[in-house]
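# Observations on the three-dimensional arrangement
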Amino acid sequence: MTSTANGNFVRTPFIAGNWKMNMDHVQGITLLQKLAWTLSDAKHDYSRVEVAVFPPFTDLRGVQTLVQGDELKVVYGGQDLSQFDSGAYTGDISGQFLRKLGCSYVLVGHSERRTIHNESDEVLNAKVKAAFRHEVTPVLCVGEGLEIRQAGTHVEHTLAQLRAGVEGLTAEQAKELVVAYEPVWAIGTGEVAGPEDAQEMCAAIRAELASLFDDSVAAGTRLLYGGSVKANNAAAIMAEADVDGLLVGGASLDPSEFANIVRFESHITAA
Ligand SMILES: O=C(CO)COP(=O)(O)O
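Remember, it's a predicted structure, so these values are computed and weren't measured experimentally.

### Some points on unusual backbone geometry
- Backbone geometry at methionine 23 places phi at a positive 75°, although glycine is not the residue there.
- Examined against the element boundaries, methionine 23 turns out to sit in the loop between strand S1 (14-18) and helix H1 (25-41).
- A residue is classified by how much of its surface remains accessible, and methionine 23, at 22% relative accessible area, is partly exposed.

### Things to note about the sheet that holds strand S2 (residues 50-54)
- The eight strands are arranged S1-S2-S3-S4-S5-S6-S7-S8 in a closed barrel whose pairing can be described as parallel. In this sheet, neighbouring strand axes are inclined to one another by 25° on average, regardless of whether the strands run parallel or antiparallel.

### Description of the site of the ligand
- Contacts to the ligand come from 13 residues, most closely from Lys20, His110, Gly188, Ser228 and Gly250.
- The backbone of glycine 249 places a nitrogen or oxygen atom 2.9 Å from an oxygen atom of the ligand.
- Its free accessible area being 310 Å², the ligand has 96% of it covered by the protein chains.
- Taken atom by atom, the bulk of the ligand overlaps the second largest pocket.

### Overview of the environment of glutamine 33
- Mapped onto the elements of the fold, glutamine 33 is located in helix H1.
- Judged by its relative accessible area of 26%, glutamine 33 is partly exposed.
- Between the C-alpha atoms of glutamine 33 and glutamine 79, which are 46 residues apart in sequence, the distance is 20 Å.

### Some points on the UniProt feature "active site" (unreviewed entry) in the protein
- Per the UniProt record, "active site" (unreviewed entry) is found at His110 and Glu182. Over a stretch of 73 residues, the named residues converge on one spot in the fold, their C-alpha atoms separated by at most 8.3 Å. Among the annotated residues just listed, those that line the largest pocket are His110.
- Position of histidine 110 among the secondary structure elements: in the loop between strand S4 (105-108) and helix H4 (111-116).

Conventions used here
Residues numbered from 1 in each chain as written. Predicted model: local features only at pLDDT ≥ 70, side-chain atom pairs only at ≥ 80, totals over all residues. Heavy atoms only, no water. Helix = DSSP H or I, 4+ residues; strand = E, 2+ residues; numbered from the N terminus. Buried < 20%, exposed > 50% of the residue type's maximum accessible area, 1.4 Å probe, protein only. Pairing = 2+ DSSP bridges. Axes fitted to C-alpha atoms, helices over the stretch in contact; angles between N-to-C directions. Near = heavy atom within 4 Å. Polar contact = N/O pair within 3.5 Å; in protein donor to acceptor, adjacent residues only side chain to side chain. Areas by Shrake-Rupley, 256 points an atom, 1.4 Å probe, with all protein chains shown as cover. 1 Å grid on protein atoms, 1.4 Å probe; cavity = no way out; pocket = protein on both sides within 12 Å on 5 of 7 lines; lining within 4 Å. Sits in = over half its atoms within 2 Å of the grid points. UniProt positions renumbered as here; feature names shortened; annotations may be inferred.

Given below as structure tokens:
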């Protein structure tokens, strides 16, 4: 992303709220309504900054109904999907079902899936491919834990996750893919990676995409940062050349805070 103080971006900035296992389907609707009102009051231009929410599966039908009924421009997605299309996989959700619910995106390989559910790079690669099969754009999450960061091998570690995740994709798919760098030590801890840490990793990811695919993939793929993003640090992170968006956890549960993150450009011009 090349940005200037007046907010000209090469790739459309993407600000996403990952609600994790918060908000039942009633609370979820209220949260989305408040977010939409706040952004509408602020005359948010969704063509300048794309806004996405990732609610729990049980909220998705309500979110779809609200988005369609009120013609909201907020897009939404699932927090996970099965690598399989259908069958005897109790508890799992097919990409086909997400597509039918109007999901544009799906998170794949969030660190909480990798650690709590032991999802391997191999499974995650199959999930990325399943998402493409069902025409849902995967947001592949990568990032290192604290020990790896302290050992100084974070770039190598994260790029290995990236390579495994995108294996077998076409250049066209890789360009559509969104990659989210979320250092595990910065998630939900209040410990935010500095803008320069986010930039270091996003630049490395972009260079890796150029070598795995080609320069047009590297130039087109959107790269997000996630981990303790708040309204007061969003603008500085977004000012980095290779950061195209933000994946926000805790702060996305507060509609006014999240709206201020979406409106990070107003902070840049105000600064
Ligand atoms: O995991 C995250 C988003 O997917 C980040 O969570 P927090 O913003 O709560 O640190």
